[in-house]
Amino acid sequence: MAEIRWTRQTRSLLAALTAGGDWRHGYDLSRETGLKSGTLYPLLIRLTERGWLETRWEDSPEPGRPPRHLYRLTAEGKAQALTAGRPPAAAPVLSRLGWT
Amino acid sequence: MKPGLLERLLAGLLTEAGGKHADWVRAALAELSAAPDGRARMDWLWGVLSMAFGELLTRTLLPWRGREGEAPPDGFAALFGIVALVLPFYFVAAALLDQIGVGVFFAPIAYWLAEPGRARLFNAVAPGVILGAIALALWANLGVTFRGGRHIAGLIYEMKLRLRPMNLAVLALGGLLAALLLGHALGEAFTYRPH
C-alpha cells in the first residue's frame with residue numbers, strides 16, 4: 001500500500017476535505033486547493049487506498065451526463081487530518097537510530 | 001452541456017488506458033462538466049490525459065506495480081539490462097578490438113560511417129542512444145539491487161540491499177562501458193593537439 005507523504009499538497013487537500021465536512025466533488029476540491037487534476041487524483045487514490053477517504057458515485061440530474069464521484073474523509077482520515085498541521089515527531093526517529 | 005462524440009470517444013480511450021484506475025479516470029473526466037469552458041477545461045483535461053497516460057506507461061513498462069512487493073523480478077531487470085547493453089557493448093568492444101588490429105567487428109560501423117553526412121548524424125545521435133541505453137540498464141538493475149523502504153516520520157528512508165549475481169553482472173558491465181566511454185570522451189577533450 002502506498003505511503004502517504006506529508007507534502008504541502010496532501011496537507012491542503014486534507015484541510016479542504018476537513019473544512020468542507022460532507023461529500024465533495026473533485027473539481028470543487030481542485031478549485032479550493034489549487035491542485036490540478038493530474039496532482040489531485042493520484043492523491044485522492046492514495047488516500048482512498050489507505051482508508052482515509054470514502055467515495056461514492058452520484059447520478060447527474062441532467063440526463064446524458066456521466067455520474068460524478070464524491071469524496072469524504074473517514075474517521076481515520078479525520079484523525080490523520082488533525083495531525084497534518086503538526087511537524088513530524090522527533091522521538092520515534094531518534095529511538096529508531098538508537099539515540100534514546 | 002452534454003458530452004460530444006469526440007469527448008465520449010476520448011473518455012472511452014482514457015478510461016481504457018486507466019487500467020486498474022479506470023474508475024478514477026472516469027471520475028476525473030466527469031468533473032469536466034463542472035469546469036467552465038476555455039482554459040480551465042483544457043487544464044483539467046490535460047491533467048486527466050497525463051494521469052491516464054502515466055497509468056498506461058506504468059502498466060506497460062512496470063507491470064509488477066500494484067502487486068505484492070511492488071518490485072520488478074530480478075530476472076526481468078537483468079534481461080532488460082542485457083538487451084539494453086547489447087548495442088553499447090558491441091560498439092565499445094568493436095572499437096577496442098579495432099585499436100589492437102582486429103577490425104572485423106568495427107568494419108560494418110566504419111563502412112556505414114563512410115557515407116557523407118552519416119558521421120555527423122552518428123556523432124549527434126550515438127552519445128545519447130549509447131549512454132541512454134547504459135543508463136537504462138543501470139537504472140533497472142540499481143532499482144532491484146537497492147530497494148526503497150518506507151518513510152518513518154517523513155525523515156528516514158529505509159533501503160534494502162539485494163545482491164543477485166545477474167543484476168550485479170549487468171551493473172558491472174554497464175558501469176565499465178560507461179567508464180570507458182566517458183573516460184575516452186574526457187581523454188579526447190583534454191588531449192593536447194599542436195596546430
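From a predicted model like this one, the values you see are computed outputs, not experimental measurements. (Residues numbered from 1 in each chain as written. Chains lettered and ligands numbered in written order. Predicted model: local features only at pLDDT ≥ 70, side-chain atom pairs only at ≥ 80, totals over all residues. Heavy atoms only, no water.)

(A) Broad picture of the environment of Leu142(B). Residue and element names in this part refer to chain B. Mapped onto the secondary structure, Leu142 falls in helix 6 (residues 118-145). Using a relative accessible area of 38% as the deciding quantity, one classes Leu142 as partly exposed. For the pair formed by Leu142 and Val170, sequence separation is 28 residues and the distance between their alpha carbons is 9.6 Å. (Helix = DSSP H or I, 4+ residues; strand = E, 2+ residues; numbered from the N terminus. Buried < 20%, exposed > 50% of the residue type's maximum accessible area, 1.4 Å probe, protein only.)

(B) Summary view of the packing of aromatic side chains. Scanning the entire structure with this criterion turns up 5 aromatic pairs over all chains. Ring centres 5.8 Å apart and planes at 10° place the aromatic pair Tyr71(A) and Trp24(B) in the stacked group. Linking Tyr71(A) in strand 3 (residues 68-73) with Trp24(B) in helix 2 (residues 22-30), this pair reaches from one chain into another. Taken as a pair, Tyr71(A) and Trp24(B) share a single burial class, namely buried. Ring centres of Phe91(B) and Phe122(B) lie 5.6 Å apart, and the angle between their planes is 45°; on these two criteria the pair is classed as tilted. With Phe91(B) in helix 4 (residues 74-99) and Phe122(B) in helix 6, this pair connects stretches of sequence that are 31 residues apart. A connected cluster of aromatic rings, assembled from ring pairs, spans Tyr27(A), Tyr41(A), Tyr71(A), Trp24(B) and Trp44(B). (Phe/Tyr/Trp six-rings, centres within 6.5 Å; stacked < 30°, edge-to-face > 60°.)

(C) Looking closely at the nonpolar core. Counting residues in hydrophobic clusters, the biggest one holds 31 residues, and the most contacted among them are Leu13(A), Tyr41(A), Leu44(A) and Tyr71(A). Looking at this core, the elements with two or more residues in it are helix 1 (8-20), helix 2 (26-33), helix 3 (37-49) and strand 3 of chain A together with helix 2 and helix 3 (39-61) of chain B. Here the element with the most residues in this core is helix 3 of chain A; it accounts for 6 residues. Every residue in contact with Leu44(A), bar those within four places of it in the chain, is listed here: Leu13(A), Leu29(A), Leu53(A), Tyr71(A) and Trp24(B). By size, the runner-up hydrophobic cluster in this structure holds 18 residues, among which are Phe91(B), Ala126(B), Val170(B) and Ala178(B). (Core = buried A, V, L, I, M, F, W, Y, C linked by side-chain atoms within 4.5 Å. Contact = heavy atoms within 4.5 Å.)

(D) Broad picture of the UniProt feature "transmembrane region" (unreviewed entry) in chain B. Residues and elements named next belong to chain B. Following the UniProt record, the feature "transmembrane region" (unreviewed entry) maps to residues 76-109, 121-144 and 165-186 here. When the span residues 121-144 is considered, its composition is 100% helix and 0% strand, and the gap between its end C-alpha atoms is 35 Å. Between the end C-alpha atoms of residues 165-186 the distance is 31 Å, and the span holds 100% helix and 0% strand. (UniProt positions renumbered as here; feature names shortened; annotations may be inferred.)

(E) Looking closely at the packing of helix 2 of chain A against helix 3 of chain A. All names here are of chain A. Where helix 2 meets helix 3, the closest approach of the two axes is 10 Å, and the angle between their N-to-C directions is 115°. As helix 2 runs across helix 3, the sense of the crossing is right-handed. Together, Gly26, Leu29 and Ser30 of helix 2 and Leu40, Tyr41 and Leu44 of helix 3 make up the contact between the two elements. Of the residues assigned to the contact of helix 2 with helix 3, the class counts are 4 nonpolar, 2 polar and no charged. (Axes fitted to C-alpha atoms, helices over the stretch in contact; angles between N-to-C directions. Left-handed = near helix turned anticlockwise from the far one by under 90°. Nonpolar A, V, L, I, M, F, W, Y, C, P; charged D, E, K, R; others polar.)

(F) Geometry of the side chain of Ser30(A). In this fold, Ser30(A) is placed in helix 2. At 2.7 Å, the side chain of Ser30(A) and the backbone oxygen of Leu35(A) are in polar contact. Those residues in contact with Ser30(A) that sit more than four places away from it in its chain are Leu35(A), Leu40(A) and Trp44(B). (Polar contact = N/O pair within 3.5 Å; in protein donor to acceptor, adjacent residues only side chain to side chain.)

(G) Quick peek at the pairing of strand 3 of chain A. Residue and element names in this part refer to chain A. Within strand 3, 5 of the 6 residues are buried, which leaves it mostly tucked inside the rest of the structure. Note that strand 1 (residues 24-25) and strand 3 share 2 bridges and pair antiparallel. Bridge pairing in strand 3 links Arg24 to Tyr71. (Pairing = 2+ DSSP bridges.)

(H) Focus on the pattern of salt bridges. Summed over all chains, the structure comprises 8 salt bridges over all chains. The salt bridge partner of Asp23(B) is Arg26(B), with a shortest N-O separation of 2.8 Å. Here the residue Asp23(B) and the residue Arg26(B) both occupy positions in helix 2, the gap between them amounting to 3 residues, near one helical turn. Accessibility expressed as a relative area gives 40% for Arg26(B), which makes it partly exposed. Taken together, the shared-partner salt bridges connect Asp22(A), Glu54(A) and Arg72(A) into one network. (Salt bridge = Lys/Arg side-chain N within 4 Å of Asp/Glu carboxyl O.)

(I) Representation of the side chain of Glu31(B) in the model. Take Glu31(B): it is sitting in the loop between helix 2 and helix 3. Note on Glu31(B): relative accessible area 0%, which makes it buried.

(J) Focus on the sheet that holds strand 2 (residues 53-58) of chain A. Ordered in space as 1-3-2 (chain A), the 3 strands form an open sheet in which the pairing is antiparallel. The open sheet terminates on both sides in strands that have one partner only, identified here as strand 1 and strand 2 of chain A. Its contacts with the sheet place helix 2 of chain B against strand 2 and strand 3 of chain A, and it is angled at close to 105° to strand 3 of chain A.

(K) Up close: a nonpolar patch on the surface. A contiguous nonpolar patch, built from Leu142(B), Phe146(B), Met159(B), Leu161(B), Leu163(B) and Leu168(B) and spanning about 570 Å² of accessible area, is present on the exposed surface. The exposure class assigned to Leu163(B) is exposed, which follows from its relative accessible area of 56%. (Patch = residues over 30% accessible without salt bridge, like charges linked within 9 Å, V, L, I, M, F, W, Y side chains within 5 Å. Areas by Shrake-Rupley, 256 points an atom, 1.4 Å probe, with all protein chains shown as cover.)

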